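Analysis of the macromolecular model
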Amino acid sequence: MKTTLAAYSLEAGEGERLHFSGADFLVKASADTTGGAFSVVEEIDPLDTPLHCHANEDELFYVIEGEHVFRCRDRDFRVGPGGTMFAPRGVPHAHRRIVPRTGRFLTITSPAGFERFFRDLSQAEASGASMPEVYAAMSRKYGIKWLKD
């Protein structure tokens, strides 16, 4: 079996660094590096995320630091370091930190490609674009539906 993918390794703190809305992200694995199988984004300074659902990808969250609450449908999951939470595509979910602006986690998505949402938001903010319009456009582009709590 032949593959065109190349093996690679990243140290702590390495990856494609993205920044928007006062948060920092590191893309550790992307559609390009995994052949579209999955992506991994480290949310270094994670944002609280309102209730939403994805049309295109499943998400698995792996907590590195801090205490987090993930809501999936009508159930809350309190997750600390070393814990995981899975949110299937099409299922409403949200995230908040117990201590504001504290904690890190990995977001693993399958299939890959959702890292492009983060990349597009980072590039738009850096260019001075109006972020409310960009968020709306990128949400439509990447199949994200924002819901009311």
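All values derive from a computational prediction rather than experimental measurement.

Cut-offs and rules
- Residues numbered from 1 in each chain as written.
- Predicted model: local features only at pLDDT ≥ 70, side-chain atom pairs only at ≥ 80, totals over all residues.
- Heavy atoms only, no water.
- Phe/Tyr/Trp six-rings, centres within 6.5 Å; stacked < 30°, edge-to-face > 60°.
- Buried < 20%, exposed > 50% of the residue type's maximum accessible area, 1.4 Å probe, protein only.
- Helix = DSSP H or I, 4+ residues; strand = E, 2+ residues; numbered from the N terminus.
- Arc of directions from axis to C-beta.
- Contact = heavy atoms within 4.5 Å.
- Axes fitted to C-alpha atoms, helices over the stretch in contact; angles between N-to-C directions.
- Parallel < 35°, antiparallel > 145°, perpendicular 65-115°, else oblique.
- Left-handed = near helix turned anticlockwise from the far one by under 90°.
- Nonpolar A, V, L, I, M, F, W, Y, C, P; charged D, E, K, R; others polar.

**Re the packing of aromatic side chains**
Applying the stated criterion across every chain yields a total of eleven aromatic pairs. Ring centres 4.8 Å apart and planes at 15° place the aromatic pair F20 and F25 in the stacked group. Residue class for F25 comes out buried when judged on its relative accessible area of 1%. Plain terms: the ring middles of F114 and F117 are 5.1 Å apart, the flat faces sit at 10° to each other, and that makes the pair stacked. Residue classification places F117 among the buried residues on the basis of a relative accessible area of 6%. The rings of F20, F25, F114, F117, F118, Y135 and Y142 are connected pair by pair, giving a single aromatic cluster.

**A closer look at unusual backbone geometry**
That bond from S110 to P111 is cis: its omega, -5°, falls within 30 degrees of zero. Here P111 is to be found in the loop between strand 10 (104-110) and helix 2 (115-126). With a phi close to 50°, S21 is a non-glycine residue in the positive phi region. A positive phi is found at R73, a non-glycine position, where the angle reads about 55°. Among the secondary structure elements, R73 is positioned in the loop between strand 6 (68-72) and strand 7 (75-79).

**A word on helix 3 (residues 131-141)**
Those residues of helix 3 that fall on the buried side of the exposure criterion are M131, V134, M138 and S139. Take helix 3 and look down its axis: the buried residues cluster within an arc of 130°, on one side only. When the buried face of helix 3 is taken as reference, the exposed residues oriented beyond 90 degrees from it are P132, E133 and R140. Tucked inside the fold, the buried residues of helix 3 contact helix 2 and strand 11 (144-146). Immediately beyond the C-terminal end of helix 3, within one or two residues, lies G143, with a positive phi of roughly 70°.

**Description of the packing of helix 2 against helix 3**
Direction vectors running N to C along helix 2 and helix 3 enclose 160°, while the axes themselves pass 10 Å from each other. Classified by the interaxial angle, the pair formed by helix 2 and helix 3 is roughly antiparallel. Note on packing geometry: the crossing formed by helix 2 with helix 3 is right-handed. Here F117, D120, L121, A124 and E125 of helix 2 come into contact with helix 3, specifically with M131, V134, Y135, M138, S139 and K141. Partitioned by chemical class, the residues of the contact of helix 2 with helix 3 number seven nonpolar, one polar and three charged.

It is worth stressing that arrangement in space is one thing and function is another; only the former is reported here.
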